[in-house]
Amino acid sequence: MSIEAAIAAERRELADLLDGLTAEQWAAPTLCAGWRVREVAAHMSMGFRYSLPKVAAELVRARGSLHRMTDRCARRDAAAATTGELAGFLRDNARHPWTPPVGGLASALGHDVVHGLDITVALGLDRRVPEDRVRLLLEKVTLRSARFFGADLSGVELRADDLDWSFGTGTPLSGAAQDLLLVAFGRKLPPGRLHGERQHRFVAA
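Note that the coordinates shown come from a computational prediction; the quantities given were computed from them, not determined experimentally.

**Q** Mind showing me how you'd approach the overall build of the protein here?
**A** Looking only at helices and strands, one finds 11 helices and four strands in the protein. The globule rule puts the C-alpha radius of gyration for 205 residues at 17 Å, and the 17 Å found for the protein is close to it. Referenced to the eigenvectors of the C-alpha coordinate spread, the extents of the protein come out at roughly 45 × 35 × 35 Å. Residues classed as buried in the protein amount to 48% of the 205 residues present. Here the analysis covers contacts within the protein between residues at least 6 apart in sequence; of these, 62% occur between residues at least 24 apart. Carbon together with sulfur atoms contributes 55% to the accessible area of the protein, which is approximately 10,100 Å² in total. Of the charged side chains in the protein, 27 are positive and 25 negative; the average position of the first set lies 8 Å away from that of the second.

**Q** Explain the packing of helix 3 (residues 37–44) against helix 6 (residues 66–80) to me, please; I cannot follow it from the model alone.
**A** Two numbers describe a pair of packed helices, the interaxial angle and the distance between the axes. The contact between helix 3 and helix 6 brings their axes to 8 Å, and the two run at 110 degrees. On the basis of the axis angle, helix 3 is roughly perpendicular to helix 6. Touching R38, E39, A42 and H43 of helix 3 are T70, A74, R75, D77 and A78, all from helix 6. Considering only residue class, the contact of helix 3 with helix 6 consists of three nonpolar, two polar and four charged.

**Q** How should the environment of T70 be read in this particular structure?
**A** Relative to the helices and strands, T70 is located in helix 6. Along the chain, T70 and R187 lie 117 residues apart, while their C-alpha atoms are 17 Å from each other. Not counting the four nearest positions on each side in its chain, T70 is found in contact with W35 and H43. A distance of 3.1 Å separates the side chain of T70 from the backbone oxygen of H67, its partner in a polar contact.

**Q** Just checking my understanding: could you explain the pairing of strand 3 (residues 171–175) for this structure?
**A** The side chains of a regular strand alternate between both faces of the sheet. Burial along strand 3 is one-sided: the residues T171, L173 and G175 are buried and none of P172 and S174 is. Direction of pairing for strand 1 (residues 156–160) relative to strand 3: parallel, over a ladder of five bridges. Among the inter-strand pairings, L158 is bridged to a residue of strand 3, identified as L173. Across two bridges, strand 3 lies against strand 4 (residues 194–195) in antiparallel orientation. Following the sheet pairing, S174 is matched in strand 4 by H195.

The rules behind each value
Residues numbered from 1 in each chain as written. Predicted model: local features only at pLDDT ≥ 70, side-chain atom pairs only at ≥ 80, totals over all residues. Heavy atoms only, no water. Helix = DSSP H or I, 4+ residues; strand = E, 2+ residues; numbered from the N terminus. Rg over C-alpha atoms; globule rule 2.2 N^0.38 Å. Buried < 20%, exposed > 50% of the residue type's maximum accessible area, 1.4 Å probe, protein only. Contact = heavy atoms within 4.5 Å. Areas by Shrake-Rupley, 256 points an atom, 1.4 Å probe, with all protein chains shown as cover. Lys, Arg positive; Asp, Glu negative; His and termini not counted. Charge placed at Lys NZ, Arg CZ, Asp CG, Glu CD. Axes fitted to C-alpha atoms, helices over the stretch in contact; angles between N-to-C directions. Parallel < 35°, antiparallel > 145°, perpendicular 65-115°, else oblique. Nonpolar A, V, L, I, M, F, W, Y, C, P; charged D, E, K, R; others polar. Polar contact = N/O pair within 3.5 Å; in protein donor to acceptor, adjacent residues only side chain to side chain. Pairing = 2+ DSSP bridges.

Next comes the structure, spelled out in structure tokens:
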């Protein structure tokens, strides 16, 4: 499967998942601090809905802070759209060519997969991202990319317990491959998903 096809499949699957959520689940917190499922879903489709001039204008309004801009837009768009529309933005743009400012198509896939996991892991839903998508993203993990996302992987070796993959050196930290992907993207996970002496560094309080 091409990476474009993987991106399209991921967006369609997540749209179907979102369509099945209850009102309570849409209002529940995610692994993205301060964002409910609504805000994460709105953010995921921002690249499809905002032109470059609009992004530039929003960035100026946020005084140059990308974090402030994305937070403001996610909250505003989440309040303005229905849940059906939020899911539809992903489904209708499954093959949209948007990519983040750096990283190309792999980063676009990572954006979709990780934000999807932000939702499903926080909700306790047992969605397994297809192995080929997870492997592609794990192969892109570097210490530099981890630092970019706020993850400190110093002194630990990530070891997947459901496929043959490891990264780094130090005290072993094991878990499902997709959970370790979340660790590499700077997320704090719910208790019980990771194993190792230093798991406390990567678990939500």
